[in-house]
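# Residue-level structural notes
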Amino acid sequence: MRTDRPVSWWLLRVVVVGIVAGGIVGVAAGTADASDPPIQIETNVTPEEPVVGEDVSIEATISNLEHDEGRNVDVRYVYLREAGTLNDYDRFRRVGTVGSGGSLSIPLSVTFDDPGQKRLEVEITTQYSDEDGEIYTYRQPVFVDVQESELHGEVRLTSVEAVGGSAVTIEGDAANIGNTDVESVLLSVPDTGNVSPRSPNGEYFVGGVDASEFATFDLTADADPEAESVPVEITYIVDGERMTKTQQVDLGSANRSAPAPSTQAAASHSPPAAGPPASGPPLVPIGIAVGLLVVGGIGIALWRRQ
């Protein structure tokens, strides 16, 4: 069971510069005698030339070269350490038993946060599975050379969104995906015929962006209905050199619907408003007059009966 594993630091490179070919028989700690288990430790480091920031895997293969079939070896602990110290980069405990002529492999890993040559050790503790209770320790050196990263500062537009119809607004982040700072970052929309810069943000000055950081931006452009993307030109300075590249921003997700109709056009499609009353005598006053005459006639008839 793995009980300890180092934390990976950002942007690490480890290049193996010294591995004994074909494996080596481990050197037992303390005074050795004829009863020491004949243990061989081989190491395989991948990748052989990793870039800075990659985790490096060191596979340790432990072989029991004992010819006596009854002499099994219990592997108690496996450590990956800084040579000459108790600084563990990785370790396993209660690894297992290796039979005579057998072997087992343990995947170890390591990372570093500074350059330079490193000397590591794969250390194992073993004992025979029989009545011999003696503990034996073996160490296998592994040499590595930690190199500086070759990944320079680079600006890329991320989390980009485009909204609008013929007038498009582009928002997002100008991210520095490298491990060195960049300066004077400028974003602009070039005039390509069906796309052109539009006020107020046809170009946007971001300024400096530190390594692995980002800065927000927004651009505005005019785009014809047939335009499928808006090119954004990115210029910046890294390590004293000016860089220029173009990144296309897809308009497929933008709301490219036609603009709303004008007030005059909308009015032409609206239902006609109520017009003036038709010609002829006014109906409401006539109705009132007829009602009064009926009521008056009824009153006169009742008066004459009295």
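This text goes with the structure placed above it.
For every chain, the first residue of its written sequence is number 1, and the numbers climb from 1 along that sequence. At least 70 in pLDDT is required for a residue's local features to be given in this predicted model, at least 80 for side-chain atom pairs to be given and counted, and no such filter applies to totals for whole chains, interfaces and linings, which use all residues. Computation of side-chain values covers all heavy atoms of the structure but excludes hydrogens and water.

Let us now look at the overall build of the protein. Under the scheme used here, helices are H or I runs from DSSP no shorter than 4 residues and strands are E runs no shorter than 2 residues, and both carry numbers assigned from the N terminus. Within the protein one finds two helices and 19 strands. Exposed residues in this analysis have more than 50% of their type's maximum accessible area, buried residues have under 20%, and partly exposed residues fall in between, with area computed by a 1.4 Å probe over protein chains only. The buried share of the protein, taken over its 306 residues, is 36%. Whether two residues are in contact is decided by their heavy atoms, any of which lying within 4.5 Å being enough. A fraction of 64% describes how many contacts in the protein between residues 6 or more apart in sequence connect residues 24 or more apart. Surface accessibility follows the Shrake-Rupley procedure with a 1.4 Å probe radius. Residue values consider only the protein chains on display as shielding. On the protein, roughly 17900 Å² of surface is accessible, and the fraction owed to carbon and sulfur atoms is 52%.

Looking now at the sheet that holds strand S15 (residues 195-197). Read from one edge of the open sheet, four strands run S12-S13-S17-S15, paired in antiparallel fashion. Looking at the sheet topology across the chains shown, the edges are occupied by strand S12 (155-164) and S15. Between one strand axis and the next, the sheet turns by 35 degrees as a mean value, whatever way the strands run. Here, any two strands with at least 2 DSSP bridges between them count as paired. Axes here refer to lines fitted to C-alpha atoms; in helices the fit is confined to the stretch in contact. Angles between the N-to-C directions go from 0 to 180 degrees.

Stacked, tilted and edge-to-face are the three classes applied to pairs of Phe, Tyr and Trp rings, where Trp contributes its six-membered ring and a pair requires centres within 6.5 Å; stacked means planes under 30 degrees apart, edge-to-face means over 60, and tilted covers the rest. Taken as a whole and assessed by the stated rule, the structure comprises two aromatic pairs. For the pair Tyr 77 and Tyr 79, a centre-to-centre distance of 5.7 Å together with 15 degrees between the ring planes defines the contact as stacked. With a relative accessible area of 31%, Tyr 77 lands in the partly exposed category. On the basis of relative accessibility, which here comes to 11%, the residue Tyr 79 falls in the buried class.

It is worth spelling out the sheet that holds strand S19 (residues 241-250) at this point. The pairing of strands in a sheet happens through backbone hydrogen bonds and is either parallel or antiparallel. If you trace the four strands from one edge of the open sheet to the other, you get S16-S14-S18-S19, paired in antiparallel fashion. For this open sheet the edge positions go to strand S16 (203-209) and S19, each flanked by a neighbour on one side alone. On average, each strand axis in the sheet is inclined to that of its neighbour by 20 degrees, with strand direction left out of account. For strand S14 (residues 182-188) and strand S18 (residues 229-238), the ladder comprises four bridges, and the chain directions are antiparallel. Note that in S18 the partner of Leu 186 across the bridge is Thr 235.

For the rest of this paragraph, the subject is unusual backbone geometry. Ser 199 connects to Pro 200 through a cis peptide bond whose omega is 10 degrees. Here Pro 200 shows up in the loop between S15 and S16. Even without glycine at this site, Ser 159 takes up a positive phi of about 50 degrees. Within the element layout of this structure, Ser 159 appears in strand S12. On the basis of relative accessible area, Ser 159 is assigned to the exposed category, the value being 57%.

Here we come to the pattern of salt bridges. The salt bridge criterion pairs a side-chain nitrogen of Lys or Arg with a carboxyl oxygen of Asp or Glu, the two atoms within 4 Å. What the rule picks out here adds up to seven salt bridges. A salt bridge links Arg 81 to Asp 88; the nearest nitrogen and oxygen atoms lie 2.5 Å apart. As far as burial versus exposure is concerned, Arg 81 and Asp 88 are alike and both buried. With a shortest N-O distance of 3.7 Å, Arg 119 and Glu 121 are connected by a salt bridge.

What follows is about the side chain of Asn 201. In this fold, Asn 201 is placed in the loop between S15 and S16. When its relative accessible area of 18% is taken as the criterion, Asn 201 is described as buried. Those residues in contact with Asn 201 that lie beyond four places of it in its chain are Asp 218, Leu 219 and Thr 220.

Surface patches are drawn from residues lacking salt bridges whose relative accessible area is over 30%; two like charges belong together within 9 Å, two nonpolar side chains (Val, Leu, Ile, Met, Phe, Trp, Tyr) within 5 Å. Neither His nor the chain ends contribute to the count of charged residues, in which Lys and Arg are positive and Asp and Glu negative. Working definition for charges: the position is that of NZ of Lys, CZ of Arg, CG of Asp or CD of Glu. A surface patch of like charges, here negative, comprises Asp 181, Glu 183, Asp 210 and Glu 213. By relative accessible area, which is 42% here, Glu 213 ends up partly exposed.

Tracing the sequence through the fold places Asp 132 in the loop between strand S10 (116-128) and strand S11 (136-146). Placed 61 residues apart in sequence, Asp 132 and Arg 71 show a C-alpha to C-alpha distance of 9.9 Å. Apart from residues lying up to four places away in sequence, Asp 132 is in contact with Arg 71 and Gln 127.

Residue position: Arg 156 is located in strand S12. Here the alpha-carbon distance between Arg 156 and Thr 246, two residues 90 residues apart in the chain, equals 9.6 Å. Beyond its immediate stretch of four places on either side in the chain, Arg 156 contacts Asp 173, Ala 174, Ala 175, Ile 177, Lys 245 and Gln 247.

Bringing the nonpolar core into the picture now. We define the nonpolar core as a collection of buried residues of types Ala, Val, Leu, Ile, Met, Phe, Trp, Tyr and Cys that are connected through side-chain atoms lying within 4.5 Å of one another. Residues Ile 58, Val 78, Leu 108 and Val 122 are the most contacted members of the largest nonpolar core, which totals 28 residues. Put simply, the parts of the chain that give this core at least two residues each are strand S5 (39-46), strand S6 (56-64), strand S7 (73-82), strand S8 (88-98), strand S9 (103-110), S10 and S11. Sort the elements by how many residues they give to this core and S11 lands first, with five residues. The next biggest cluster of nonpolar side chains, apart from the first, holds 26 residues, and it includes Leu 157, Phe 217, Val 230 and Tyr 236.

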